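Residue-level structure breakdown
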Amino acid sequence: MSKRQKNMVLFIYFVVFFALWALFELIVNEKIKAVVDNKILYCLITNGIVKTLVWTLPAVIFLQRFRGDVSVTLREMFIFKLDWLKYLPIFLIITVYLLGGAILQTGKLVITSKFDFGDVIAVLFVGITEETVFRGWLLNFSVKENKKWFSIGINAVLFLIIHFPIWISEGVFISNFVGFGFLSILALSILFSCTFLKSKSILVSIALHMYWNLLVSMFY
């Protein structure tokens, strides 16, 4: 495909995708919350079923449809033969950063009382769905060998934008900018993108994403 055709595909995809997800977060999600009282069931519906249908499934279809125009094919992305020791330092840095931050905030390291199996379900599905879309599909389809950092930067901005609907619904949109919380989203996106491009495997970025969310859910 030509550059213009790729840009058009990406533009149309993201506009439709963002519109659907904004509709869900701002309207549909509240209706589900009003009906479903059980947190585990709620997480299964929203993160398991809805996110799989809106995020993962379309991304996989696009990856197959444009398999000749992506950097890494769908099959190659899920190859398990990886040297995981190369990425151990990143996991350690995340551990020190998040656990250290939790200790500084509370003076001790205690798992929050709100953490339960529903959070585990959310962690698992969010890591898979978000990485499949943003690294496995969007970055994979748009990246160019001579403009990797540009593609990584655009991907980070898109990753930030997709958080806007949930921030608005939770009333933390302004505070995430005033308090510079948005910077962590950009930094994480860059980290996940770099590890994906380096490893050629979506499994690394998925694992890092899950691990980050797990620690945040447990201690924050």
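Above: the structure in question.
Residues numbered from 1 in each chain as written. Predicted model: local features only at pLDDT ≥ 70, side-chain atom pairs only at ≥ 80, totals over all residues. Heavy atoms only, no water.

**Section: the packing of aromatic side chains**
Pairs of aromatic rings are described using the distance from one ring centre to the other and the angle between the two planes. Within this structure, the stated rule accounts for 24 aromatic pairs. Between Phe 134 and Phe 159 the ring centres are 5.1 Å apart and the planes differ by 70 degrees, which places this aromatic pair in the edge-to-face class. With Phe 134 in helix α5 (residues 117-142) and Phe 159 in helix α6 (residues 148-161), the pair connects residues that are 25 residues apart, well separated along the chain. Each member of the pair Phe 134 and Phe 159 is classed as buried. Across the ring face of Phe 141, the terminal group of Lys 6 is positioned such that the distance to the ring centre comes to 5.0 Å. When the ring centre of Phe 159 is taken as origin, the NZ or CZ atom of Arg 135, which lies over that ring, is 4.6 Å away. (Phe/Tyr/Trp six-rings, centres within 6.5 Å; stacked < 30°, edge-to-face > 60°. Helix = DSSP H or I, 4+ residues; strand = E, 2+ residues; numbered from the N terminus. Buried < 20%, exposed > 50% of the residue type's maximum accessible area, 1.4 Å probe, protein only. Lys NZ or Arg CZ within 6 Å of the ring centre and 35° of its normal.)

**Quick look at the environment of Val 157**
Of note, Val 157 is situated in helix α6. Classification of Val 157 as partly exposed rests on a relative accessible area of 41%. Separated by 29 residues in the primary sequence, Val 157 and Leu 186 have C-alpha atoms spaced 6.8 Å apart.

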